[in-house]
Amino acid sequence: MPTHPPNRLPFSLAICGLSELPTVVERQRPTHVISITDPNDEPLDFPEAVAVLRLAFWDVHVIDGMVARKLSPHDSDAYPSAVHALAILDFGRQVPAEARVLVHCWAGVSRSSAAAYLLCCQAIPGDEWSAFQLIKVLRPQAQPNPLLVRFADKLLGAEGRMAACLWR
């Protein structure tokens, strides 16, 4: 498993899907976990010593057209939102140097890579492209969820730079 480039992040970072989770947990022994599941899934268990942020939302990439028509106001916390992005950023602010951070979702492709990207952009502000490249090194199949990235882009004041990296 690749690790972050030296001196770029103050913590180590891993991204995975559910099928890889036991192996990655055993290998990395995370101190901090962002666990993203679908809204109807049972929360996963982690050792008590691990700080865990549990989020549950669908991997929706846009909220317009057919998707928007099917969502009711009661579904608002079931898709990526500014509340989720803020929770990830708040959690990231509490991650100490030398921590071992693991981010997972069902496939380890969209929601988890977006959450990891948010953490990286926050840790190395103003260098969104390097943060994005780091995510692609850690998880080559990463396709960060664009909704989550757009919300964080605004929250971090990145002026569209985070979102622009998704389409380069």
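Refer to the structure printed above.
Remember, predicted model here, so these are calculated numbers, not experimental data. (Residues numbered from 1 in each chain as written. Predicted model: local features only at pLDDT ≥ 70, side-chain atom pairs only at ≥ 80, totals over all residues. Heavy atoms only, no water.)

Looking at the overall build of the chain
Helix and strand content of the chain: seven helices and four strands. Of all 168 residues assigned to the chain, the portion counted as buried reaches 46%. Pairs at least 24 residues apart make up 67% of the contacts formed inside the chain by residues separated by at least 6 positions. Element-wise, carbon and sulfur atoms account for 55% of the exposed surface of the chain, whose accessible area totals about 8700 Å². (Helix = DSSP H or I, 4+ residues; strand = E, 2+ residues; numbered from the N terminus. Buried < 20%, exposed > 50% of the residue type's maximum accessible area, 1.4 Å probe, protein only. Contact = heavy atoms within 4.5 Å. Areas by Shrake-Rupley, 256 points an atom, 1.4 Å probe, with all protein chains shown as cover.)

Comments concerning the environment of glutamine 94
Structurally, glutamine 94 is set in the loop between helix H3 (82-93) and strand S4 (100-105). Assessed through its relative accessible area of 59%, glutamine 94 is described here as exposed. C-alpha separation for the pair glutamine 94 and histidine 32, spaced 62 residues apart in sequence, amounts to 9.6 Å.

Describing the side chain of glutamine 28
Structurally, glutamine 28 is set in helix H1 (residues 21-28). Other than its neighbours up to four places away in sequence, glutamine 28 contacts Ser12, Leu13, Ala14, Arg100, Val101 and Leu102.

Thoughts on the environment of glycine 92
Note that glycine 92 resides in helix H3. With relative accessibility at 11%, the residue glycine 92 sits in the buried group. Residues glycine 92 and isoleucine 34, 58 residues apart in the sequence, show an inter-C-alpha distance of 9.5 Å. Once you skip the residues sitting within four places of it in the chain, glycine 92 turns out to touch Leu119 and Gln122.

Quick look at the sheet that holds strand S2 (residues 32-37)
Strands pair in a sheet through their backbones, by hydrogen bonds, and they do so in one of two ways: parallel or antiparallel. Taken together, the four strands give an open sheet; going across it, the order is S1-S4-S2-S3, and neighbouring strands pair in parallel fashion. Of all strands in the sheet, those with a lone pairing partner are strand S1 (12-17) and strand S3 (51-56), marking the two edges. Averaged over all neighbouring strand pairs, the angle between strand axes comes to 15 degrees, with direction disregarded. Of the pairings in the sheet, the one linking S2 to S4 comprises four bridges and is parallel in character. (Pairing = 2+ DSSP bridges. Axes fitted to C-alpha atoms, helices over the stretch in contact; angles between N-to-C directions.)

Quick notes on helix H5 (residues 128-138)
The complete set of buried residues in H5 reads Glu128, Ala131, Phe132, Leu134, Ile135 and Leu138. Down the axis of H5, the buried set is contained in an arc of 155 degrees. They therefore lie on one face. Turning to H5, the residues buried within the fold contact S1, helix H4 (111-123) and helix H7 (161-166). (Arc of directions from axis to C-beta.)

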